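A look at the structure
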Amino acid sequence: MVTISRAEYEKFQAQGKRISELENRVEVLMEALRLERHRQFGASSEKISEDAMDQLSFLFNEAEVYNDAVTAEESTPVTAHKRHKKHEYTLDNIPEGTPTEQVNHRLEEDALVCPNCGETMTEVGTEVVRTLEIIPAMTVVKEHIYHTYDCQKCSKEGTETPIVKASREKNIIPGSFATPEAVSYIIPQGTFSCC
């Protein structure tokens, strides 16, 4: 048998109480964490419990409300469905004979000055972006051709050749070929098959 002083005994008692309090606190916090995880990640349901359904049926005095809920919980047939492919929208399905209008986007002469050597840059390529413009009773495919320029002198001398493009107009819907006119025509029609 080990003998300890009264002060040490009271100190151990206080530590024991403190440990017990902390353990209880940990249990409460762990339960709160479990409940929060269940609320956030657990199966959610919009079903009403039987008690709440009983109260609702008495409140509205409609027996069929309760009956429908119980029947719906028992079995709900789910029909098979086929997942649709993600649509990639293109202008490939435009009817033949649809007029195409080309709009050239070129840089102004002062923007064609090479920042390295001061020579005038020459056109080296284009980028074609097709959009769909709908004019009531008329559809036109508009090709925006964005011209690209580089400096021939810098290219010949082997120095770093700057390449400059005409600034590109932003689409009303990113990634779409629809123009504001097309969207304003399509929305009231209720058909969104082209953009």
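Residues numbered from 1 in each chain as written. Predicted model: local features only at pLDDT ≥ 70, side-chain atom pairs only at ≥ 80, totals over all residues. Heavy atoms only, no water.

With that settled, the discussion passes to the overall build of the protein. The helix and strand inventory of the protein stands at five helices and four strands. Counted from the first residue to the last, the protein has its helices and strands arranged as α-α-α-β-β-β-α-β-α. Residue burial in the protein is summarised as follows: out of 195 residues, 19% are buried. Pairs at least 24 residues apart make up 56% of the contacts formed inside the protein by residues separated by at least 6 positions. Summed over its atoms, the accessible surface of the protein is roughly 16,200 Å², and 53% of this surface lies on carbon and sulfur atoms. (Helix = DSSP H or I, 4+ residues; strand = E, 2+ residues; numbered from the N terminus. Buried < 20%, exposed > 50% of the residue type's maximum accessible area, 1.4 Å probe, protein only. Contact = heavy atoms within 4.5 Å. Areas by Shrake-Rupley, 256 points an atom, 1.4 Å probe, with all protein chains shown as cover.)

Let us look at helix H5 (residues 180–189). Because each turn of an α-helix spans 3.6 residues, side chains separated by three or four positions in sequence point in the same direction. Buried residues of H5: Ala-182, Val-183 and Ile-186, and no others. Mapping the buried residues of H5 onto a view down its axis gives an arc of 95 degrees, with all of them on the same face. Buried residues along H5 sit against strand E2 (122–135). (Arc of directions from axis to C-beta.)

Time to look at the environment of Ala-178. With respect to the helices and strands, the residue Ala-178 is situated in the loop between strand E4 (163–165) and H5. Along the primary structure Ala-178 and Ile-134 are separated by 44 residues, whereas in three dimensions their C-alpha atoms are 8.7 Å apart.

Turning our attention to the confidence of the model for the protein. Looking at the protein, the pLDDT average stands at 77 and 70% of residues meet or exceed 70. Of all helices and strands in the protein, the one with the weakest mean pLDDT is helix H3 (residues 63–74) (54), whereas strand E1 (residues 100–105) scores best (90). (pLDDT = per-residue confidence, 0-100.)

In terms of residue burial, strand E3 (residues 138–150) counts as a mostly covered element, since eleven of its 13 residues are buried. Bridge count between E1 and E3: six bridges; the pairing is parallel. Residue pairing across strands places Gln-102 opposite Glu-143, the latter belonging to E3. As judged from the three bridges shared by E3 and E4, these two strands associate in the antiparallel manner. Among the inter-strand pairings, Tyr-149 is bridged to a residue of E4, identified as Val-164. (Pairing = 2+ DSSP bridges.)

Another point: the pattern of salt bridges. Evaluation of the coordinates by the stated rule reveals nine salt bridges. In this structure, Glu-36 engages Arg-39 in a salt bridge whose closest nitrogen and oxygen atoms are separated by 2.4 Å. Here Glu-36 and its partner Arg-39 are both found in helix H1 (residues 6–41), three residues apart, which amounts to about one turn of the helix. Of the residues examined, Glu-36 reaches a relative accessible area of 35% and is grouped as partly exposed. Within the structure, one salt-bridge network assembled from shared partners comprises Glu-127, Lys-165 and Arg-168. (Salt bridge = Lys/Arg side-chain N within 4 Å of Asp/Glu carboxyl O.)

What follows is about the side chain of Lys-142. Locating Lys-142 in the fold gives a position in strand E3. One polar contact links Lys-142 to Glu-133, side chain to side chain, over a distance of 3.0 Å. Sequence-distant contacts of Lys-142, defined by excluding residues within four places in its chain, comprise Glu-101, Val-103, Val-129, Arg-130, Thr-131 and Glu-133. (Polar contact = N/O pair within 3.5 Å; in protein donor to acceptor, adjacent residues only side chain to side chain.)

On to the state of the cysteines, then. Throughout the structure, instances matching the rule amount to zero disulfides. Free cysteine: Cys-114, not disulfide-bonded; nearest cysteine sulfur from Cys-154 at 3.6 Å. Exposure remark for Cys-114: the relative accessible area of 3% places this residue in the buried category. Looking at Cys-117, it has no disulfide partner, and the nearest cysteine sulfur is the one in Cys-151, 3.6 Å off. (Disulfide = S-S within 2.5 Å.)

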